[in-house]
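Chain and residue survey
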2 protein chains.
Amino acid sequence: MKQKYIIIVAGGKGTRMGAEIPKQFLILNDKPVLIHTIESFFNYDKTIKIILVLPEEQQNYWNELCAKFDFKINHQIVSGGETRFHSVKNGLDTITEKDVIIGIHDGVRPLVSKDVIGRCFDKAAEKGVAFPVIPVVETLRKKTEKGSITVNRADYCLVQTPQVFNSEIIKKAYQQEFSDTFTDDVSVVESLSEYSVYEVEGARENIKITTPVDLIIAESIINIKMK
Amino acid sequence: MKQKYIIIVAGGKGTRMGAEIPKQFLILNDKPVLIHTIESFFNYDKTIKIILVLPEEQQNYWNELCAKFDFKINHQIVSGGETRFHSVKNGLDTITEKDVIIGIHDGVRPLVSKDVIGRCFDKAAEKGVAFPVIPVVETLRKKTEKGSITVNRADYCLVQTPQVFNSEIIKKAYQQEFSDTFTDDVSVVESLSEYSVYEVEGARENIKITTPVDLIIAESIINIKMK
């Protein structure tokens, strides 16, 4: 298979957590969220090249954490940009190797499994663009001018990361001007209207840590897995 | 305020849990899920009338559980029907009192808070129909004939229970023939096209226990609250 890269985007400033510490650095069980995230990809493939995008002002702190937790997995640190789009773009710009497979992952999704990562990279290697989705399990309503209406939840799915791409596709997509309709990396590719995108099965446990409750939920999930 | 009723629907046969025991009977911390659920409503209002809809074949087991856990909150037991719709209808049929406020709640949502319950009952008393919703926090995609597309998640919300109604409205709605487009009780009312329905703020913690992971998550949430 082609060389794999993973760009881990950790731009969080921590404001939504009600904590001073950015959420990617919060301690989940015995180590920071971001160490879990990086380990998930290293455990999937020890030859994957890891690029961590981090706000410049957090890089010293991250280096201290790596020392404190004796964290030795090799990774390149790149400075974040003004928005997530700009952060991803900075990460992509450091990849000069041609014809590789590039995943992009939220730093605050530490529980992503080997299976989910593998499905995304395998499908992207075959089709060019792949990303994990999970079904909507609750009743879903859509706002309309006259109030909201129930829609058929089976017609919808929720999108997770890693979103994985052939390098030429994702680099071309990120040549576009920034738009605030870009909610994730797949939507950046879709705005080119040139490529088909492919869903693979995600996992409910692959949660994004955005609130204090999420951190507790993540701890429970890890504890079940260790049993 | 008018007399309040809550119909708690616990029809689960347990097949999705990978366990033999129906999920409403699983032990959450120190007692069955269903006991937590009933206590949530009793703690909200000690004068609320509680109707529990349970498959006939589970009623003996439930009575044993009540004895075992010394559970004394007064509630009426009604037999479940073929589908959730029929179960709710059976519950509604036992309410003969006029001009009351009736809530309908999933038996497997034990973590519903007093605040959420209160918002639903207060709004329903004022407007006739109220239900709790939470925002969609992940990227949402909609299936189309040409594959899926990203939609604006801010236009959507996820629906929880309790869904609460003026008794005349919900009883009239349940006079309709069953349709498989009825995904929740609000959608039954909406198919009459006569009444406006009102959203109130739900809570992420008000989860529906449908998988083994959910049970662990629920335990963590309870443990945080007790701290």
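The coordinates are above.
First things first, this report covers the structure right here in the doc. (Residues numbered from 1 in each chain as written. Chains lettered and ligands numbered in written order. Predicted model: local features only at pLDDT ≥ 70, side-chain atom pairs only at ≥ 80, totals over all residues. Heavy atoms only, no water.)

**Comments concerning the overall build of chain A**
In plain terms, the rule: A run of H or I in DSSP counts as a helix once it spans at least four residues, and a run of E counts as a strand once it spans at least two, with each numbered from the N terminus. In this description the radius of gyration comes from C-alpha coordinates, and the expected globular size is given by 2.2 Å times residues to the power 0.38. Accessibility here uses a 1.4 Å probe with only protein chains present; expressed as a share of the type maximum, an area under 20% marks a residue as buried, one over 50% as exposed, and anything in between as partly exposed. The contact rule is simple, with two residues in contact once any of their heavy atoms fall within 4.5 Å. Accessibility throughout is a Shrake-Rupley quantity obtained with a 1.4 Å probe, and a residue counts as covered only by protein chains that appear here.
Scanning chain A from N- to C-terminus turns up seven helices and twelve strands. A compact globule built from 227 residues would reach a C-alpha radius of gyration of about 17 Å, and chain A, at 18 Å, matches this within 12%. In terms of principal-axis extent, the alpha carbons of chain A reach across some 55 × 40 × 35 Å. Counting every position in chain A, which comprises 227 residues, the buried fraction comes to 54%. Taking the contacts inside chain A whose residues are at least 6 apart along the sequence as the reference set, 72% of them involve residues at least 24 apart. Surface summary for chain A: the accessible area is close to 10400 Å², and the carbon and sulfur share equals 48%.

**Thoughts on the pairing of strand E4 (residues 49-54) of chain A**
Residues and elements named next belong to chain A. Selection criterion: We treat two strands as partners when DSSP finds at least two bridges between them. The handedness of a crossover follows from its direction of travel: if, with the strands pointing away from the viewer, the path from the first strand over the helix to the second runs clockwise, the crossover is right-handed.
E4 sits mainly inside the fold: five of its six residues count as buried. Note that strand E1 (residues 4-9) and E4 share five bridges and pair parallel. Bridge pairing in E4 places Ile6 opposite Ile50. The sheet contact formed by E4 and strand E5 (residues 76-79) spans four bridges and is parallel. Across the sheet, residue Leu52 finds its bridge partner in E5, namely Ile77. One crossover worth recording links E4 to the parallel E5 by way of helix H2 (residues 59-68), and it is right-handed.

**Section: the pattern of salt bridges**
Our working rule: By convention in these notes, a salt bridge is any Lys or Arg side-chain nitrogen within 4 Å of a carboxyl oxygen on Asp or Glu.
As enumerated under the stated definition, the model contains 26 salt bridges over all chains in all. For Glu39 of chain A, the salt bridge goes to Lys31 of chain A, with nearest N and O atoms at 3.0 Å. By relative accessible area, which is 22% here, Glu39 of chain A ends up partly exposed. Put simply, Glu199 of chain A and Arg141 of chain B hold a salt bridge, and the shortest N to O gap is 4.0 Å. With Glu199 of chain A in strand E12 (residues 198-201) and Arg141 of chain B in strand E8 (residues 139-144), the pair connects residues from two separate chains.

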